[in-house]
Amino acid sequence: MAASQKNWKARLASLEKTAAASLARADVAPKLEKLQVRWLGRKGLLTQLLKELSRMSLADRRTLGPLAHRLKTDLTQQIEERKKRLRRESLQKKLQDISLDSSLPGVPCAVGSLHPITQVEREIVGVLSRLGFSVAQGPILETDEYNFQALNIPPDHPARDLQDTFYLADHPQLLLRTHTSPVQIRMLRAHRPPLRIAAPGRVFRHEATDASHGAVFHQVEGLYVDRRVCLADLKSTLAYLFRELLGPSTLLRFRPSYFPFTEPSAELDVGCLLCGGQGCSVCKKSGWLEMLGAGMVHPKVFEQAGYSGSEWSGFAFGMSVERLAMLKLRIPDIRLLYENDMRFLEQF
Ligand code: PHE
């Protein structure tokens, strides 16, 4: 072996020998950086040795090369480990310096929740959307035409008395909608059938407030228009809706009723959830609870919207969200839903 090779081996050995001790003394990051440059940098000792290797014979490279490469991997690894250890130690020291008592209880973080009206409204709309209904919305400020006339309620119609209306003092042609049914007209005019629409929203009635009536409440309107839609479709849709909402054994009863915009019209009752039909104060001893108004879309409504009543038929229904929420969540007074008392709201 030539002298230069001997010398090369000696330099490699000495580097290897001192490396471990130098590393152990490097107790801060900058010292480590320095060592890294001194050994592995562009002009570093090991880099230099590797460069010299390329000028040696093939046989020497075969024997010496692996030694140098192994040392390079070793040093790189040791430097990395040392860096990690220093980082860990400095973090630990920092944590020790902060007087931290990990047994102290945490700071509670208030998590909000959906208002019961929103929860129940979403449940109703959720069932309907599984049946292919899409959500539609209309304005809260309506015109007399949409809220009444297009729904076959002319100005002198007695049904107007049933829905005591808030009119705007400065705009007598505008009113706060008394039901979500005007959304039916808006949808019929804006789209062509087949239509399947669920329209949730706020409605307003100028009437005295008590445990079961508010001047503001929420409805969900349903509208289904297609060819050959019949009363059986209405019944089966509502039966499915209420059994999903209140449980599969819910009793249902359809009663004939009257709405100017449906013919025939019906109201749907469910067996009282509280007494199971025995009769109690909630169902006023009747065993039944009134849930909604419904019926087949009146020919006059189709006419108003420019449809041929012989080609299209449909059903509509409108239900109060508050009523269902009160029954499902056992809320005894509608006013509780609007007082925003946290002790009440936190229960849902
Ligand atoms: N709009 C009616 C109400 O508010 C309910 C209803 C909707 C009835 C659709 C029939 C069809 O009382």
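Everything below is about the structure shown above.
Not measured: the values here are computed from a predicted model.

What counts, and at which threshold
All chains use their own residue numbering, which begins from 1 and follows the written sequence. It should be noted that, the model being predicted, local features are given only for residues of pLDDT at least 70 and side-chain atom pairs only at 80 or more, the latter also being counted only at that level, while totals for whole chains, interfaces and linings use all residues. Only hydrogens and water are set aside; all other atoms, that is, all heavy atoms of the structure, feed into the side-chain values. Runs of H or I in DSSP of at least four residues are treated as helices and runs of E of at least two as strands, each being numbered from the N terminus. Radius of gyration here is computed from C-alpha atoms only, and the compact-globule reference equals 2.2 Å multiplied by the residue count raised to the power 0.38. Accessible area is worked out with a 1.4 Å probe on protein chains only. A residue is then buried under 20% of its type maximum, exposed over 50%, and partly exposed in between. Contact criterion: two residues are considered in contact whenever any of their non-hydrogen atoms come within 4.5 Å of each other. Surface exposure here means Shrake-Rupley accessible area, sampled with a 1.4 Å probe, where a residue is shielded only by the protein chains that are shown. The convention is simple: Lys and Arg are positive, Asp and Glu are negative, and His and the chain ends are not counted. Think of each charge as sitting on NZ of Lys, CZ of Arg, CG of Asp or CD of Glu. Each polar contact in these results corresponds to two N or O atoms within 3.5 Å; when the atoms are within protein, one needs to be able to donate a hydrogen and the other to accept it, and residues that are neighboring in sequence are counted only if both atoms are side-chain atoms.

### Re the overall build of the protein
Okay, so step 1: On a plain count of helices and strands, the protein comes out with 12 helices and 9 strands.
Okay, so step 2: Relative to the 2.2 N^0.38 estimate, which gives 20 Å for 348 residues, the radius of gyration of the protein is 40 Å and therefore markedly larger than a compact globule would have.
Okay, so step 3: Taken over the C-alpha atoms alone, the protein extends approximately 120 × 55 × 50 Å along its principal axes.
Okay, so step 4: Buried positions account for 42% of the 348 residues belonging to the protein.
Okay, so step 5: Taking the contacts inside the protein whose residues are at least 6 apart along the sequence as the reference set, 67% of them involve residues at least 24 apart.
Okay, so step 6: Total accessible area on the protein is roughly 20,000 Å²; 54% of this is exposed by carbon and sulfur atoms.
Okay, so step 7: Considering the protein, the positive charge centre built from 48 side chains and the negative charge centre built from 37 side chains are found 19 Å apart.

### Points about the side chain of Ser 265
Okay, so step 1: Residue placement: Ser 265 occurs in strand 7 (residues 262-271).
Okay, so step 2: Within polar-contact distance, the side chain of Ser 265 engages the backbone nitrogen of Phe 259 at 3.2 Å.
Okay, so step 3: Separated by 2.6 Å, the side chains of Ser 265 and Thr 262 make a polar contact.
Okay, so step 4: When residues no more than four places from it in sequence are discounted, the contact partners of Ser 265 are Arg 255, Pro 256, Ser 257, Tyr 258, Phe 259, Ala 294 and Gly 295.

Such coordinate-based values are descriptive only and should not be taken to indicate function.
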